[in-house]
Amino acid sequence: MREPGAEPTRTRRRVRGALLVAIGALYAISIPWYRETGAAPDTWLGLPEWVTVAVVCYAAVAVLNSLAWLLAEVSDAPGDDRGGGGP
Amino acid sequence: LSAAWLGGIGLGVYLALLVVVAEVARRARRDATPADHFLAGRGLGVFVLFLTLYATAYSGNSLLGYPGEAYRRGFSWIMATGFMMSIVVAFHAVVPRLRPIAVAQGFVTPGDWIRHRFGERGAGPTLRVAAAVLMSVALANFLLAQLMAMGHVASQVTAGAVPYEAGVVGLAAVVLFYETLGGMRAVAWTDAAQGVLMLFGLGTLLVWLLGEAGGLTETTRQISAVAPAAVAVPDARECANWASTILLLGLASVVYPQAIQRIYAARSGRALKRALALMTFMPLTTTLVVTLIGLAAIPRLSGLEGVEADTVMPRVLQDWAAAGPGTALLAMLVLLGALAAIMSTADSVLLSLGSILAEDVLGRGRRDPSTTRLGKRIAAGVMALAVVLALGRELTLWRLIELKMELLIQCVPAFFVGLHWSRLRAGPTLAGLAVGAAVAVAGVLLDRPRLGGVHVGVWSLGLNLAIAVAGSRLPLRSLESAPAAP
């Protein structure tokens with residue numbers, strides 16, 4: 001029989017995992033490794049475009065990371081963390 | 001009133017308030033145990049926890065070093081916003097697992113985790129001491145950077161009436177006084193006030209700077225005109241450095257001793273996660289702001305090189321103060337905010353250093369009140385040594401941060417992997433830490449901070465992890481004890 005509250009907990013974990021993956025992708029996009037080196041950029045929102053992309057990525061990381069923390073299970077009792085693989 | 005008098009009065013009022021807070025914190029203490037002195041009796045709620053995490057993370061380096069680095073490197077320093085945010089992201093790997101164990105076991109220092117995880121036999125105790133020594137060296141380095149920043153700002157806030165050397169010595173004495181008297185409570189309460197002051201001051205300064213230059217677009221155009229390389233898309237080496245710095249800061253900050261101790265000091269897990277959910281936005285309101293301030297200084301100030309670029313922020317503030325009596329007062333408040341941020345980091349570092357050296361290195365008990373007394377004495381000794389070193393100024397503030405992180409990051413396997421992989425053993429972890437630290441130090445001694453744009457500390461972490469993981473998979477269990485269960 002399924003433990004009460006297990007399904008919402010699993011869903012929260014999945015959503016949190018997806019948020020962390022999205023954060024990783026945003027970090028990869030924020031670094032302009034895919035742009036032509038040394039090119040003189042256009043200005044977007046008052047900043048060079050590659051800088052605007054980075055700032056937008058970091059703003060999105062902040063929102064997603066904040067949600068991920070609100071979904072995190074930070075217990076004060078040992079054993080409550082069901083993540084597995086502890087020492 | 002002259003700028004020197006105005007600054008002197010402001011500084012005097014601020015320091016007097018710190019002394020009052022220290023006395024209130026002393027009266028609020030429950031007992032003389034290390035947990036009460038070093039962790040405020042494990043009673044920090046969301047708001048104070050958030051502000052103390054904020055004021056501790058955003059130090060003199062952020063306020064003086066980051067504008068200086070933005071001035072030197074141009075727009076690619078936008079990476080600072082990303083790497084400061086990566087710290088709060090990296091905590092996902094540690095906080096949910098470490099917090100419940102820390103509460104159950106009554107941890108006070110980072111070494112308590114290592115003792116619990118790797119046990120008291122075999123290589124466990126040596127690993128604990130080695131990690132504590134590495135953390136202490138990194139923290140002492142960090143303290144040095146704060147003292148240097150204190151000297152610069154005290155001199156600036158009083159228009160040179162208080163010389164750099166007097167600022168370093170005098171403010172170090174004040175920090176030592178309130179930290180010794182009030183412990184973590186005094187540190188956290190002053191951090192809270194310091195965080196608010198810093199946020200307000202930086203925001204106001206940025207609005208003035210951009211207004212002066214005619215807006216963000218015009219500022220970018222002016223930078224492009226005087227320093228086209230600062231605006232151009234960075235090359236592959238700089239992009240590699242960008243990724244390397246995000247890794248370096250994010251991972252090393254997982255084992256930041258004063259941050260780990262705030263995980264222990266939270267009133268509850270719920271308070272901790274809410275504080276971290278708020279913390280993740282702070283790079284946008286602080287790091288991004290100081291980066292833009294450093295960039296806006298490029299067309300305003302020319303020819304600052306090396307260590308001199310770390311004075312970009314005070315120079316900009318000097319211009320602001322000269323714009324009128326109202327702005328002089330605001331500039332003084334920003335400088336006091338900067339000084340507050342620096343002192344709040346210094347006090348947290350000092351508190352951590354005292355507890356780590358007393359408990360993890362010298363082996364005093366975490367429930368013994370004599371550990372608290374010893375920690376205070378050690379803190380005084382370390383502060384005296386750091387003051388002597390701060391009186392000579394040779395490295396840039398950013399280089400000091402990199403050195404600290406390259407050493408701290410070598411402790412990552414013991415925490416990050418140790419929390420998630422039950423087969424990690426003390427012997428290989430110790431060997432990895434020793435090799436990783438040796439390679440990082442060799443990079444410093446040979447003056448090769450990066451290879452292919454990636455920090456030597458990040459390369460050596462790879463080596464460190466390979467040794468720790470490969471060694472733990474080898475069938476050598478007879479050489480040391482099996483890991484202790486949590």
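Above: the structure in question.
Residues numbered from 1 in each chain as written. Chains lettered and ligands numbered in written order. Predicted model: local features only at pLDDT ≥ 70, side-chain atom pairs only at ≥ 80, totals over all residues. Heavy atoms only, no water.

### Things to note about the overall build of chain A
What counts, and what does not: Each helix is a run of H or I in the DSSP string that is no shorter than four residues. Each strand is a run of E no shorter than two, and both are numbered from the N terminus. Burial classification: accessible surface area is computed with a 1.4 Å probe over protein chains only, and a residue below 20% of its type maximum counts as buried, one above 50% as exposed, and the rest as partly exposed. Residue contacts are defined here by distance: any two heavy atoms, one from each residue, within 4.5 Å place the two residues in contact. Shrake-Rupley sampling with a 1.4 Å probe provides the accessible areas, and residues are treated as covered by the protein chains on show and by no other component.
The helix and strand tally for chain A stands at two helices and two strands. Mapped in sequence order, the helices and strands of chain A form the string α-β-β-α. Buried residues in chain A amount to 38% of all 87 residues. Contacts spanning at least 24 positions in sequence make up 69% of the contacts within chain A whose residues lie at least 6 apart. A total of about 4,700 Å² of accessible surface is found on chain A, and carbon and sulfur atoms cover 63% of it.

### Things to note about the overall build of chain B
Quick note on the threshold: Values of the radius of gyration come from C-alpha atoms, whereas the globule rule sets the reference at 2.2 Å times the count of residues to the power 0.38. In this tally Asp and Glu are treated as negative and Lys and Arg as positive; neither His nor the chain ends contributes. Charged groups are reduced to one reference atom each: NZ for lysine, CZ for arginine, CG for aspartic acid, CD for glutamic acid.
When its secondary structure is counted, chain B shows 23 helices and two strands. Against the globule reference of 23 Å for 486 residues, chain B gives a C-alpha radius of gyration of 22 Å, in line with a compact fold. On the principal axes, the C-alpha backbone points of chain B span a range of 70 × 55 × 40 Å. By residue count, 62% of the 486 residues in chain B fall in the buried class. For chain B, contacts bridging at least 24 residues in sequence account for 84% of all contacts bridging at least 6. Of note, chain B has its 38 positive side-chain charges centred 12 Å away from the centre of its 26 negative side-chain charges.

### Description of the environment of Trp33 of chain A
Within the fold, Trp33 of chain A resides in the loop between α1 (6–30) and β1 (43–44). The exposure class assigned to Trp33 of chain A is exposed, which follows from its relative accessible area of 58%. Taking the C-alpha atoms as reference points, Trp33 of chain A and Ala54 of chain A, 21 residues apart in sequence, are found 12 Å from one another. Dropping the residues within four chain positions of it, Trp33 of chain A is found in contact with Ala28 of chain A together with Cys239 of chain B.

### Section: the interface of chain B and chain A
It is common to give the size of an interface as the accessible area that goes away when the parts come together. What counts here: Here the buried area means the combined drop in accessible surface, using a 1.4 Å probe, for two parts upon being joined, counting both sides. Counted as salt bridges are all cases of a side-chain nitrogen of Lys or Arg within 4 Å of a carboxyl oxygen of Asp or Glu. Side-chain atoms alone can form a polar contact between residues adjacent in sequence; in general such a contact is a pair of N or O atoms within 3.5 Å, and within protein one must be able to donate a hydrogen while the other accepts it. By the convention adopted, Pro, Cys, Tyr, Trp, Phe, Met, Ile, Leu, Val and Ala count as nonpolar, Lys, Arg, Asp and Glu as charged, and the other residues, Gly among them, as polar.
Opposite the 55 residues of chain B that make contact, chain A presents 47 residues. Carbon and sulfur atoms make up 71% of the area that chain B and chain A hide from each other, which totals about 3,900 Å². Area buried by chain B at its contact with chain A is led by His92, Val233 and Lys273 of chain B, which between them contribute 19% of it. Inspection of the chain B/chain A interface yields one salt bridge. Put simply, Asp76 of chain A and Arg99 of chain B hold a salt bridge, and the shortest N to O gap is 2.8 Å. Viewed at the interface, chain A and chain B are joined by 15 residue pairs in polar contact (both at pLDDT 80 or more). Broken down by secondary-structure element, the contributors of at least two residues to the side of chain B that touches chain A are α5 (79–90), α6 (95–105), α7 (110–118), α10 (216–226), α12 (236–254), α14 (269–279), α16 (287–300) and α21 (412–420) of chain B. Class assignment for the residues of the side of chain B that touches chain A results in 35 nonpolar, 13 polar and seven charged.

### A word on the pattern of salt bridges
Residues and elements named next belong to chain B. Within this structure, the stated rule accounts for 13 salt bridges over all chains. Note that Glu120 and Arg115 form a salt bridge whose closest N and O atoms lie 3.0 Å from each other. Judged by relative accessible area, Glu120 falls into the partly exposed class, the value being 49%. By relative accessible area, Arg115 is classed as buried at 19%. Its salt-bridge partner being Glu120, residue Arg128 comes within 3.3 Å of it at the nearest N-O pair. Salt bridges here are not isolated pairs; linked through shared partners, they connect Asp112, Arg115, Glu120, Arg128 and Glu359.

### Concerning the packing of aromatic side chains
Residues and elements named next belong to chain B. Defined as follows: Between 30 and 60 degrees the pair is tilted, below 30 it is stacked and above 60 it is edge-to-face, where a pair is any two Phe, Tyr or Trp rings, Trp via its six-membered ring, whose centres lie within 6.5 Å. Two conditions define a charge located above a ring, namely a distance within 6 Å from the ring centre to NZ of Lys or CZ of Arg, and an angle within 35 degrees of the ring normal.
Applying the stated criterion across every chain, the model contains 10 aromatic pairs over all chains. Consider the rings of Tyr66 and Trp77, whose centres lie 5.7 Å apart with planes at 75°: the pair is edge-to-face. Separated by 11 residues along the polypeptide, Tyr66 in helix α4 (residues 60–73) and Trp77 in the loop between α4 and α5 bring together distant segments of the chain. Note on accessibility: Tyr66 and Trp77 belong to one class, buried. Between the aromatic rings of Phe107 and Tyr264, the centroid separation amounts to 5.7 Å while the plane-to-plane angle is 65°, which identifies the pairing as edge-to-face. Here the residue Phe107 occupies a position in the loop between α6 and α7, and Tyr264 occupies one in helix α13 (residues 257–265), the gap between them amounting to 157 residues. Summarising the burial analysis for this pair, Phe107 and Tyr264 share the class buried. Grouped by ring-pair contacts, the aromatic residues Tyr66, Trp77 and Phe83 constitute a single cluster. Over the ring of Phe118 we find Arg117, and its NZ or CZ is 4.8 Å from the ring centre.

### Overview of a nonpolar patch on the surface
To be explicit about the condition: Candidate patch residues must exceed 30% relative accessible area and have no salt bridge, after which like charges are joined if within 9 Å and Val, Leu, Ile, Met, Phe, Trp or Tyr side chains if within 5 Å.
Taken together, Val63, Leu67 and Leu70 of chain A together with Phe281 of chain B make up a surface patch of nonpolar side chains, about 320 Å² in accessible area. Note on placement: Leu67 of chain A falls in helix α2 (residues 49–71). Take Leu67 of chain A: its relative accessible area is 42%, and that puts it in the partly exposed class.

### Describing the packing of α6 of chain B against α13 of chain B
Residue and element names in this part refer to chain B. Heads up, the rule is: Axes here refer to lines fitted to C-alpha atoms; in helices the fit is confined to the stretch in contact. Angles between the N-to-C directions go from 0 to 180 degrees. Any angle from 65 to 115 degrees is called roughly perpendicular, while one under 35 is roughly parallel, one over 145 is roughly antiparallel, and all others are oblique. Rotating anticlockwise by less than a right angle from the far helix to the near helix defines a left-handed crossing, while the corresponding clockwise rotation defines a right-handed one.
Direction vectors running N to C along α6 and α13 enclose 60°, while the axes themselves pass 9 Å from each other. Taken together, α6 and α13 sit at an angle that is classed as oblique. Here α6 and α13 pass one another in a crossing that is right-handed. Residues Val95, Leu98, Arg99 and Ala102 of α6 touch α13, and the partners they reach there are Ile260, Ile263 and Tyr264.

### Things to note about helix α8 (residues 124–157) of chain B
Side chains of residues three or four places apart in an α-helix project in the same direction, reflecting 3.6 residues per turn. Residue and element names in this part refer to chain B. Keep this limit in mind: Multiplying 1.5 Å by the residue count of a helix minus one yields the expected span of that helix.
Its 34 residues place the ends of α8 48 Å apart at the C-alpha level, agreeing with the 50 Å of an ideal helix rising 1.5 Å per residue. Most of α8 sits out of view: 26 of its 34 residues are buried. Once α8 finishes, Ala159 follows within two positions and takes phi at roughly 50°, a positive value.

### Considerations on the environment of Ala35 of chain B
Residue and element names in this part refer to chain B. When you line up the elements, Ala35 lands in helix α2 (residues 34–39). Judged by its relative accessible area of 17%, Ala35 falls in the buried class. Along the backbone, Ala35 and Thr109 are 74 residues apart, and their C-alpha atoms lie at a distance of 9.4 Å.

### Some details on helix α3 (residues 46–57) of chain B
Residue and element names in this part refer to chain B. Spanning 12 residues, α3 covers 16 Å between terminal C-alpha atoms, matching the ideal 16 Å at 1.5 Å per step. Listed in full, the buried residues belonging to α3 are Leu49, Phe50, Leu51, Thr52, Leu53, Tyr54, Ala55 and Thr56. Looking at the buried positions of α3, the neighbouring elements they touch are α9 (164–213), α13, α14, α15 (282–285) and α18 (325–361).

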